[in-house]
Each structure stands twice: as C-alpha cells, then as structure tokens.
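# A closer look at the structure
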Amino acid sequence: MGSEPEARIRPATVTDAEPVFRLLRAFATTYRPGHDRFTTVTFPEVLRAAAEHRAEFLVADQEAQVVGYAYAARMPTLFAGGTILELLELAVDTPLRGRGTGSRLVRAMQDRARHAQDVEVTVPTRRAADFYRRLDFTETATYLKWPSPPPPPESPAPAR
C-alpha cells in the first residue's frame, strides 16, 4: 500500500520530444500543434533557447515517464530594469493534476529565476489564475494579443 513516487523535475532533453508533444496536444486550446513542425522547428528551438539561457524548459519525470512540462522565456526589459521570466506553458497529465506536480514545476521555475537574477516571473493565463494565486502570484495586468495574419501568397512573376 505504498504511495506513488513524487515526480523528479529536470531540464528537458531531446529524448523528451514525444511525451512533451503528447502533453502539448492536450494543453493547446487555441492552436493545434503539428507534429512535423514541432519535431523539426519548435522543439529544437526551445531546447536551444534553454541551452543559451534565453529560456527554461523543465519536465516532471515519474518512473521514467514524462508526466508534465513547463516552458518559460527569459526576456530583457527596460521597464523592470532586468530580465523577466515569462511562464508560457505548464502542462501536467490529466490524471496527475491536483497532486503537486504543476506546483513543483512552477517552484522550480521560480528557483531558476532567482538563480538567474530575473526581476520577476510572469504568467499569462485565463484558465489557471486561481492555481497561480495559490503560489503567491498576483494579478497585475490584462494580457492582450494580436494574432499576426499569415503573409499574403507570393504573386506569380509577370509573364514576359
């Protein structure tokens, strides 16, 4: 009658691509991530950003299974007098929600922000504000976005 082991928080690696994609598909509500673009462009770029300390990318690993991830981008700012770490994605397997894995991922991000001397950690959210409030986040702004339209199709070269 033992309890299940606590997830270990660690930096994401290239071998985490498939489990992160599975979690991402369940997380994303506005966008539908495509597997090809994820594996060839976005996942490698996020790993590179983390390696260059422009981002933090962590996974929660339980019994050799990735059960959650968190991704945050580090941005230099003028207004804050330093860098801020913006937590953009936090996903945990649905059956494990409410058991502390998400909180542990957020706390690990806060520790990394402290270590990097980021001025603050911010999180744009609509659905999880109460979760973040329980972790001592305070509401300070309304998050607005402008979805950039795709570029117009190239017009064919004029016939000669």
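Residues numbered from 1 in each chain as written. Predicted model: local features only at pLDDT ≥ 70, side-chain atom pairs only at ≥ 80, totals over all residues. Heavy atoms only, no water.

It is worth spelling out the environment of E6 at this point. Note on placement: E6 falls in the segment before β1 (8–11). Expressed as a C-alpha distance, the spacing of E6 and G102, which sit 96 residues apart in the sequence, is 12 Å. Reaching out from E6, the side chain makes a polar contact with the side chain of R104 at a distance of 3.4 Å. (Helix = DSSP H or I, 4+ residues; strand = E, 2+ residues; numbered from the N terminus. Polar contact = N/O pair within 3.5 Å; in protein donor to acceptor, adjacent residues only side chain to side chain.)

Among the nonpolar cores identified, the biggest contains 20 residues, and L87, L105, V106 and M109 are the most heavily contacted of them. Listing elements by their share of this core, those giving two or more residues are β2 (55–62), β3 (65–76), β4 (83–92) and α3 (101–116). Broken down by element, the residue count for this core peaks at five residues, all from α3. Once you skip the residues sitting within four places of it in the chain, V106 turns out to touch L87, L90, F131, Y132, L135 and F137. (Core = buried A, V, L, I, M, F, W, Y, C linked by side-chain atoms within 4.5 Å. Buried < 20%, exposed > 50% of the residue type's maximum accessible area, 1.4 Å probe, protein only. Contact = heavy atoms within 4.5 Å.)

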